[in-house]
Amino acid sequence: MTSLIGTILIVEDDPLIARQVQAAVRSMGYEAPTIARSGEDALRAVAEASPALVLMDIRLKGEMTGIEVAALLRDRHGVPVVYVSSFADDETLRRARDTAPHGYVVKPFTADDIRAAVEMALHRAKLDAEIARSERWLRITLDCIGDGVIATDAAERVCFVNPAAETLTGWSHRDAFGRPVDEVFRLTAPITDAVNESPVTRALRERTPLHLPDGTELWSQSGEVVSIGDSIAPIVDDEGELLGAVIVFRDVGERKCFEARLAGEIAPAVATISLNAGLVRESLATMREQIALFGGSEGSRAALRITVEEAQVSVDELHQGSERLRALVRNAAGPAPVPIARIPL
């Protein structure tokens, strides 16, 4: 399929009006080589040339109306459409509006009417394309990260579930969409507070982010219980309107098993180091007492004191090392939770 940048397709069954529209379009510097007389002709022309815009009459020859053709062009090709019609009654406008057109020009029209409609439609189409690219990039990014992500609207209904969240919850994006988040993101009792308020409700009510506490468990659709961790944050726009919440979570079950295993393996060594450090400290204290009691030459006492002090430094370093090892065991699963904040849009 060839792509003619700047080409505009005219769909009009009245030859005189079609030429008027074509002249107005060409005066703006755009190409308009094709005039389709029917809906079927319009569909073939778009499939072959992929125009930047379609100027569409509503009453056409043949079995299809312009509104029906515009709906097909939107669904199949995403081509923007501007209606050019002599009909402006409520029913026609309602049916046309349902196809999300980029403009509507009422006959009779002037060249300036066509010019204004075309420029506005092409500008809007460009903005729509940029938004669509940003949305695709964001969706791909969220789909690729390893953490589960669930987004809700302000009514706490699910509007997005990424693949990691699908795996953990057992809910597909399609099945979860529009459901109350508590049906999809089901947590065991310890996570709820005294009034049984879910963390999502609390984050939205207080408009503040919160971390899921230790011991939080997710009950998947299949009945499997998974230990999870991470955070929930409200989504707020630039004007302060609350749009919903985003939940970011991960399976921490393997981490907890690793912590327990590591603690079991290292704890005896830590205890031995601490015990030996204590014994050596006691011995050094005894040596200091003996120096004070039995004396000796000043030089020998000074040398002995230096030896004792150096040994004391080594013992202190040993003790500090054992404490660092204890901390390593506590934090073996990874870094502490990253501080979160409200997510602005």
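Conventions we followed
- Residues numbered from 1 in each chain as written.
- Predicted model: local features only at pLDDT ≥ 70, side-chain atom pairs only at ≥ 80, totals over all residues.
- Heavy atoms only, no water.
- Pairing = 2+ DSSP bridges.
- Helix = DSSP H or I, 4+ residues; strand = E, 2+ residues; numbered from the N terminus.
- Axes fitted to C-alpha atoms, helices over the stretch in contact; angles between N-to-C directions.
- Parallel < 35°, antiparallel > 145°, perpendicular 65-115°, else oblique.
- Left-handed = near helix turned anticlockwise from the far one by under 90°.
- Contact = heavy atoms within 4.5 Å.
- Nonpolar A, V, L, I, M, F, W, Y, C, P; charged D, E, K, R; others polar.
- Buried < 20%, exposed > 50% of the residue type's maximum accessible area, 1.4 Å probe, protein only.
- Arc of directions from axis to C-beta.
- Salt bridge = Lys/Arg side-chain N within 4 Å of Asp/Glu carboxyl O.
- Expected span 1.5 Å × (residues − 1).

Chemist: When you look at the sheet that holds strand β5 (residues 103-106) in this model, what are you seeing that I'm missing?
Modeler: Strand pairing in a sheet is mediated by backbone hydrogen bonds. Such pairs are either parallel or antiparallel. Reading across the sheet, the 5 strands line up as β2-β1-β3-β4-β5 and stay open at both edges, with parallel pairing between neighbours. Looking at the sheet topology across the chains shown, the edges are occupied by β2 (35-36) and β5. Sheet topology note: the strand β1 (residues 8-11)/strand β3 (residues 53-56) ladder contains 4 bridges and is parallel. Directly across from V11, in β3, lies its bridge partner M56.

Chemist: Would you explain the packing of helix α2 (residues 39-49) against helix α3 (residues 66-76) in this entry?
Modeler: Helix-helix packing: each pair is described by the crossing angle between the helix axes and the interaxial distance. It is at 10 Å that the axes of α2 and α3 come closest, and there the two elements cross at 20°. Compared by their axis directions, α2 and α3 come out roughly parallel. Where α2 crosses over α3, the handedness of that crossing is right-handed. In contact with G39, A42, L43 and V46 of α2, α3 contributes V69, L72, L73 and R76. Of the residues contributing to the contact of α2 with α3, the split by class is 6 nonpolar, 1 polar and 1 charged.

Chemist: Hey, could you run me through helix α9 (residues 199-206) in this one?
Modeler: Residues three or four positions apart in an α-helix share a direction because the helix packs 3.6 residues into each turn. Buried within α9 we find P199, V200, A203 and L204. Considered in projection along α9, the buried side chains sweep an arc of 135° and stay on one side of the axis. As for α9, its buried residues are in contact with α8 (181-184), β8 (186-187), β9 (210-212), β11 (225-236) and β12 (242-251). After α9 finishes, the residue R207 shows a positive phi value of roughly 50°.

Chemist: What am I meant to see in the environment of L142 here?
Modeler: Mapped onto the secondary structure, L142 falls in helix α5 (residues 111-144). We classify L142 as partly exposed; its relative accessible area is 21%. For L142 and V161, which are 19 residues apart along the polypeptide, the C-alpha to C-alpha distance reads 9.1 Å. L142 has contacts with V149, F160 and N162, leaving out every residue within four places of it along the chain.

Chemist: Sorry, what's going on with the environment of S86 here?
Modeler: Within the fold, S86 resides in the loop between β4 (81-85) and α4 (90-97). Exposure remark for S86: the relative accessible area of 45% places this residue in the partly exposed category. In this structure the C-alpha to C-alpha distance between S86 and V105, which are 19 residues apart in sequence, comes to 8.4 Å.

Chemist: In this structure, what is going on with the pattern of salt bridges? I would like to understand it.
Modeler: For side chains bearing opposite charge, pairing can occur when the charged atoms are close. What the rule picks out here adds up to 13 salt bridges. Residue D128 pairs with R124 through a salt bridge whose shortest N-O separation is 3.4 Å. Note that D128 and R124 are positioned in helix α5 at a spacing of 4 residues, about one turn of the helix. A salt bridge links D230 to R250; its shortest N-O distance comes to 3.4 Å. Taken together, the residues D230 in strand β11 and R250 in strand β12 connect sequence positions 20 residues apart. The structure contains a network of salt bridges with shared partners spanning E12, D57 and K107.

Chemist: Hey, could you run me through the environment of T7 in this one?
Modeler: Looking at the secondary structure, you find T7 in the segment before β1. Sequence separation between T7 and R26 is 19 residues; the distance between their C-alpha atoms is 9.8 Å. Look past the residues within four positions of T7 in its chain and what remains in contact with it is E31, P33, P51, A52 and L53.

Chemist: What exactly am I supposed to notice about α5 here?
Modeler: Here α5 contains 34 residues, and its C-alpha end-to-end distance of 49 Å stays within 8% of the 50 Å for a straight helix at 1.5 Å per residue. Looking only at α5, the buried set comprises I114, A117, V118, A121 and L122. On its buried side, α5 packs onto β1, α1 (15-27), β3, β4 and β5.

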